[in-house]
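An overview of the molecular structure
These are the residues of each chain, in order.
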Amino acid sequence: MIEENVRSLLRQLSGGNCFREPVTLVAATKTRTPEEIDRAIAAGITDIGENRVQEFRDKFPLVHGGTRHFIGRLQLNKVKYLIGKAALIQSLDRDELAEEIAKRSLRAGLVSDVLVEVNAGGEESKGGYALPHAFAAYERLRETPGLRVRGFMAMLPDSSDTALLGGLCDRMRALYERARAEDDGIRYLSMGMSGDWQLCLAHGSNMIRLGTAIFGARNYPQTPTL
Ligand SMILES: *Cc1c(COP(=O)(O)O)cnc(C)c1O
């Protein structure tokens, strides 16, 4: 099942996005076991992304291979566990987090690759820089020693309005291209989850983060009833 899903997805991605750029498929591993993650890697997954620092720390050392991303909401006091361990922190969503990642990276003698997270839909429940302020944030973060900005990440609103979603993707792509025009270290526009990845690729995303489409529906542990 995992193996079939991965092979089928990789086949569908082989032509690239709407601009024929290669697409990176990141397996979103929250709630999955190291064994399940290993099966996905054996079937062709190259990149894995975790949402929770605790799971990143406990699980990923047991996984064989895979470039490791961090994709979840990040508390300041947990940054130290990711420095030198996460190849790409995709969820840089506020200035104080940038300062903490930069400070810890410099202290370790490293530069950390990050994506600037954008709250494309302007939703209360989501983190990230507001779209109209995202370019200015990028320009500021780009100048921060200890950080190397590689692009942008967004989670789209949960909506079936494809015109709305496509429009938000187009604005994200315009932001990405504006940054890339002056900095060819900018490589990634990370947009697309199991419910909306086709639409995102049709509007210029080149990195998608899939959980359900690879591993099936998530079973969150039940609270035991006594
Ligand atoms: C869980 C998660 C995903 C994948 O979600 P699916 O709908 O299961 O594909 C992608 N990105 C982030 C940040 C996530 O937390």
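The paragraphs below set out a description of the structure included in this document. Here the structure is a predicted model, which means the values were calculated and not measured.

How each quantity is defined
- Residues numbered from 1 in each chain as written.
- Predicted model: local features only at pLDDT ≥ 70, side-chain atom pairs only at ≥ 80, totals over all residues.
- Heavy atoms only, no water.
- Buried < 20%, exposed > 50% of the residue type's maximum accessible area, 1.4 Å probe, protein only.
- Helix = DSSP H or I, 4+ residues; strand = E, 2+ residues; numbered from the N terminus.
- Arc of directions from axis to C-beta.
- Contact = heavy atoms within 4.5 Å.
- 1 Å grid on protein atoms, 1.4 Å probe; cavity = no way out; pocket = protein on both sides within 12 Å on 5 of 7 lines; lining within 4 Å.
- Points joined across faces, edges and corners; volume = space filled by probe spheres on them.
- Nonpolar A, V, L, I, M, F, W, Y, C, P; charged D, E, K, R; others polar.

Taken together, the buried positions of helix 2 (residues 34-42) are occupied by Pro 34, Ile 37, Asp 38, Ala 40 and Ile 41. Projection of helix 2 onto a plane perpendicular to its axis shows the buried side chains occupying an angular sector of 160°, all on one side. Set apart from the buried face of helix 2 by more than 90 degrees, the exposed residues are Glu 35 and Ala 42. Lining the buried residues of helix 2 we find helix 1 (2-13), strand 2 (47-50), helix 3 (53-59) and helix 8 (212-215). Just downstream of helix 2, Gly 44 is the residue with a positive phi angle, here 130°.

All right, on to the layout of surface pockets then. Any empty space left between the atoms is revealed when a probe the size of a water molecule rolls over them. Considered as a void within the structure, the largest pocket measures approximately 320 Å³ in volume. Lining the largest pocket we find 21 residues, and of these Lys 30, Asn 51, Met 155, Met 193 and Arg 209 sit closest to its centre. Residues of the lining of the largest pocket, tallied by class, amount to six nonpolar, nine polar and six charged. By volume, the second largest pocket amounts to about 260 Å³. In this structure, the second largest pocket is lined by 17 residues; those nearest its centre are Leu 156, Pro 157, Asp 158, Gly 195 and Asp 196. For the lining of the second largest pocket, the elements supplying multiple residues, two or more each, are helix 6 (162-182) and helix 7 (197-202).

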